[in-house]
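Working through the structure, step by step
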Amino acid sequence: MDRGMVIFLGALLTFSSSWLGLILFPFWQLRDEKPLTKDGEDPYPVPLQGLALAGKTVYQNNGCMYCHTQQVRSERFGNWWDANGEQRTGADIRRSYGQRRTVSRDYIYDNPTMLGTMRTGPDLANIGVRNPSAPWHHTHLLNPRSANAWSIMPSFAFFYTREKVVGTRSDKALSLGREWTVNPGYRWKPSAKEWDAILAAQGPALAAQKGIDPASAEGKKQLLDYWLTTPEEDYQVIPNADGDALVAYLLALRKAEVPLPEAKE
Amino acid sequence: MPAPLTSEMIEANRARSAAERAAIDASCRGPVLAFAATAVFWLLMGSVLALIASIKLHSPYFLTGSAELTFGRVRMAHLQAVGIGWASLATVAAALWQMCRLSRAELIYPKILYLSCALWNVGTFLAVFGIIFGDGQSVEWLDAPRYAPPFFIAALGIVVAWVVAVFRRRREPHVYVTQWYILGAVFWFPWMYLVTVFMIFWTPATGVVQPIVNWWFGHNTLGLWFTPVAVGTAYYLIPKIIGRPIHSYYLSIIGFWALALFYSWAGMHHLIGGPIPGWLASASTVGSMMMLIPVLAVAINHHMTMRGHFHRLRYSPALRFTVFGAIAYTLVSVQGSFEALKDFSEVAHFTHYTVAHAHLGAYGFVTMIYFGLFYYMIPRLTGREWASPLLIRVHFWCAAVGITVYFVALSIGGWWQGRMMNNPSVEFGKIVTYLLPYLFTRSLAGILLTIGHLAFATSFIMNLAGWGKQRSGGPTFFVEPVGKAT
Amino acid sequence: MSAVDLALFLTVIGSVVLFGGAAVLALSWAFKSGQFDNFQRGSLSIFGPDEPPGEGTDAFPGEPSPRT
């Protein structure tokens, strides 16, 4: 075969078949999907707005998608064997990633649509339902080890600012012990020297407060634990704009909660 | 009957042929070396980014203070550096040089290709550093910030025009199978890149159409851009190095058309179980299974060509890398076909098993074949031998052992990760802890691979800088016959 | 069967006929015009008088390339 035209036509035909089948058909099939509207109920889904919309960009720019999916697989997916050796399925729903599988309509306002392909961490399709506590998300983002000792998630300390308290403490200040806030993003522990200095300055007051004898080795250790797990008095850690936005986005992730007719098995 | 050739005529024929080949290589020298050298630069950048990302997955406090080096950004930057930087630039170098040689035509207006190379590198630079400084797009394979694609489109346009121009000026009447693959690749890739950039960034499609387009592109980047050029390279290098024509030319043609038809349908298996129409995933599963045809065609063909010549792996560095890559191609493709089955996918999906598979394809297959090509091509372009056999051996063993350890560790860890995730009574923390030793092993493998890349880059720089003997003697010389012929 | 399914079904059948037909036509043309004659000769096109079949073309630097 010595003709370029044969190769060109063949390459054109084979590839346009996949372009038609995998791109144009789904594009036509899915382009007109509308949110579900029922009388007396809010439409579903709704587009992100305000802070949550800004948070989507933070999520996107920091590649959160590369460890967290946003899709719930159906009851029929994910085989495992229970204690009796019986085959079972549907782990996604049992892990409460959603009440049902997600379908294309759940995503009509997503842009980009960050389904994800990796579960280094748990699925986040409905994290706003599963864990609606903003303070928890903030302490977890500052240093995930503060919530789960085994976590390998990065610390997102750069979404937070540690500053001197002027006047009263901010409402937004994270309530975490010194070990997490003195050096945000890391787990802080004073060196022996630093600890001696702290003890010399504040030891008697602390000991009196807790009724611990700082002279004994045991007491000294208890005092250190106490010191590390209580918040700093004159410093606070507060989320910056990105931190606030990201948490707003996480709380707005409420997919797979409203029933959709096409999501029935 | 033609008169028998005298020895002078044979000698003259030989010299003419060598002179022609030398002239073709000389015309390619500048642009192809520019693409190759910058490819190696991005390989090193990608290796450093990969190591940072890998270490972070088992030691989360490593470099945790900076937003620029948070895992998600480094992960995106790594893929751009090795996918759009190293592998794509190497693909262009491979396509240009082999198209010239197989067409027996010189590269015309080589200076314009410097512009293409510069544009591509500016684009890659913007992609990698744009992501690091916070503009990553979280669209796998297309994480480059929005200001990068125009550079790639312009650079790609020039490359395509030049490949086609060389092909149209061909003096060799026969179109060799490698040229088919190259022509296919330069036709398919711009098409799918433009479609994808339009449908995801410029006029975003609704909802899940985006991930559909995304994986059509992501999978076809491997299947219809890297794979054809890398397989084509093996079809050229293996026969050329061992001096024996390809075992069955029929098979190679069947393989080409089967790849063109089936690979393009395969991408949706990345979304099995996801919120897409069921028929889409099924269609891709069929496409993936049908891929066994071209893969086995290539495997049988390469094996039969090599049969009786395996001892040459000891003597030829280029052959060693290329054959390693060809074997990895068979393994990764057969594995990929089965991974697309639902029962398999529901365990392997969302785990490090897929990461291992991706690296066996992108590294074990594509990258190893390009290493082989570079070991063969660079001395013929610079006119200098590689300076140090030791560095080549270090490179080969680090790469071969590194990718094997990488693949085995993550495949085992990833498989059990998937099994545990499917069992809702296993706590998530337990899975994370279970994976740590496997992830640590992956970092060790990454260090090995990086050492290999440093050895390779050192060899490369020494060669460019003029260390190493001038090529002479043996059947591949081209310096001396040119002198004799003119 | 909904309208979408039907449209889809028809398009799939249509494209199978179209693409399959094109492939058959292309193959029959290729056979008739002799594209498959002396096929194996094509595999020799990468060799030349200075790098003929039977001679290897690569070796570790400083080491001779063994004859095949």
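Residues numbered from 1 in each chain as written. Chains lettered and ligands numbered in written order. Predicted model: local features only at pLDDT ≥ 70, side-chain atom pairs only at ≥ 80, totals over all residues.

Let us now look at the overall build of chain A. Within chain A, the regular secondary structure consists of nine helices and four strands. For chain A, the α and β elements follow one another from N to C terminus as α-α-β-β-α-α-α-β-α-α-α-β-α. Relative to the 2.2 N^0.38 estimate, which gives 18 Å for 265 residues, the radius of gyration of chain A is 26 Å and therefore markedly larger than a compact globule would have. Over its C-alpha atoms, taken along the principal directions, chain A stretches across nearly 90 × 55 × 50 Å. Sequence-distant contacts in chain A: of pairs separated by 6 or more residues, those separated by 24 or more amount to 74%. (Helix = DSSP H or I, 4+ residues; strand = E, 2+ residues; numbered from the N terminus. Rg over C-alpha atoms; globule rule 2.2 N^0.38 Å. Contact = placed C-beta atoms within 7 Å.)

What follows covers the domain arrangement of chain A. By the assigned domains, chain A splits into domain 1 (50-148 + 241-263) and domain 2 (181-230). Inter-centroid distance (C-alpha atoms) of domain 1 of chain A to domain 2 of chain A is 39 Å. (Domains from an automatic or database assignment.)

All names here are of chain B. Packing of helix 5 (residues 177-202) against helix 6 (residues 209-242) brings their axes to within 9 Å, and their N-to-C directions diverge by 165°. The orientation of helix 5 with respect to helix 6, classified from their angle, is roughly antiparallel. The interaxial crossing formed by helix 5 with helix 6 has left-handed handedness. For the contact of helix 5 with helix 6, the residue count by class is 20 nonpolar, seven polar and no charged. (Axes fitted to C-alpha atoms, helices over the stretch in contact; angles between N-to-C directions. Parallel < 35°, antiparallel > 145°, perpendicular 65-115°, else oblique. Left-handed = near helix turned anticlockwise from the far one by under 90°. Nonpolar A, V, L, I, M, F, W, Y, C, P; charged D, E, K, R; others polar.)

Each side of the interface is counted separately: chain B has 37 residues, and chain C has 26 residues. Of all elements in the fold, only helix 1 (7-58), helix 6, helix 7 (249-263), helix 10 (317-339) and helix 13 (389-421) of chain B reach the threshold of two or more residues within the side of chain B that touches chain C.

Buried together is how nonpolar side chains tend to be arranged in soluble globular proteins. Formed by 193 residues in total, the largest nonpolar core has its most connected members in Ala-93, Leu-96 and Ile-212 of chain B. Top contributing element to this core by residue count: helix 2 (residues 71-103) of chain B, with 21 residues. Contact partners of Ala-93 of chain B, with chain neighbours within four places excluded, come to Val-32, Phe-35, Ala-36 and Ala-39 of chain B. If you look at the next biggest cluster of nonpolar residues, it comprises 35 residues, including Ala-157, Ala-173, Leu-253 and Ala-256 of chain A. (Core = buried A, V, L, I, M, F, W, Y, C linked by C-beta atoms within 7 Å. Buried ≥ 20, exposed ≤ 12 C-beta atoms within 10 Å, placed from the backbone.)

Attention shifts here to the interface of chain B and chain A. Contacts between the two partners involve 70 residues from chain B, matched on the other side by 62 residues from chain A. Every element with two or more residues in the side of chain B that touches chain A is listed here: helix 1, helix 2, helix 3 (110-135), helix 5, helix 6, helix 7, helix 8 (278-290) and helix 14 (428-464) of chain B. The dominant element in the side of chain B that touches chain A, judged by the number of residues it contributes, is helix 5 of chain B, at eight residues. Taken together, the residues that form the side of chain B that touches chain A break down as 40 nonpolar, 24 polar and six charged.

Cis geometry marks the peptide bond from Tyr-44 of chain A to Pro-45 of chain A, where omega comes out at -10°. Residue placement: Pro-45 of chain A occurs in the loop between helix 1 (4-30) and helix 2 (50-61). Residue Pro-112 of chain A is bonded to the preceding Asn-111 of chain A through a cis peptide linkage, with omega at -5°. Summarising the element assignment, Pro-112 of chain A is placed in the loop between helix 3 (91-94) and helix 4 (127-130). A positive phi is found at Arg-104 of chain B, a non-glycine position, where the angle reads about 50°. Look at Arg-104 of chain B and you get partly exposed, because 19 C-beta atoms sit within 10 Å. The phi dihedral of Trp-141 of chain B is positive, around 80°, even though this residue is not glycine. Secondary-structure assignment places Trp-141 of chain B in the loop between helix 3 and helix 4 (149-168).

The next thing to look at is the environment of Val-432 of chain B. With respect to the helices and strands, the residue Val-432 of chain B is situated in helix 14. Ignoring sequence-local partners within four residues, the contact set of Val-432 of chain B consists of Trp-150, Ser-151 and Ile-152 of chain A.

Turning next to the confidence of the model for chain C. In the predicted model, chain C carries a mean pLDDT of 75, and the fraction of residues at 70 or more is 78%. Across the assembled chains, the prediction reports ipTM 0.93 with pTM 0.92. (pLDDT = per-residue confidence, 0-100.)

Inspection of the secondary structure puts Phe-39 of chain C in the segment after helix 1 (3-32). Beyond its immediate chain neighbours, meaning those up to four positions away, Phe-39 of chain C contacts Tyr-249 and Tyr-250 of chain B.

Another aspect to go through is helix 14 of chain B. All names here are of chain B. Across its 37 residues, helix 14 extends 51 Å between first and last C-alpha, which sits within 8% of the 54 Å expected from 1.5 Å per residue. Along helix 14, the largest kink reaches about 40° and is centred on Leu-436; proline Pro-437 follows within four residues of it. Immediately beyond the C-terminal end of helix 14, within one or two residues, lies Gly-466, with a positive phi of roughly 95°. (Expected span 1.5 Å × (residues − 1). Bend = angle between axes of the 7 residues up to and from the residue.)

Turning to the packing of helix 7 of chain B against helix 9 (residues 292-306) of chain B, a few remarks are in order. Residue and element names in this part refer to chain B. At a closest axis distance of 8 Å, the pairing of helix 7 and helix 9 adopts a crossing angle of 150°. As far as their axial angle goes, helix 9 and helix 7 are roughly antiparallel. The element helix 7 and its partner helix 9 pack so that their crossing is left-handed. Taken together, the residues of helix 9 that come into contact with helix 7 (itself represented by Leu-251, Ser-252, Ile-254, Gly-255, Ala-258, Leu-259 and Phe-262) are Ile-293, Pro-294, Ala-297, Val-298, Ile-300 and Asn-301. Its residues assigned to classes, the contact of helix 7 with helix 9 comprises ten nonpolar, three polar and no charged.

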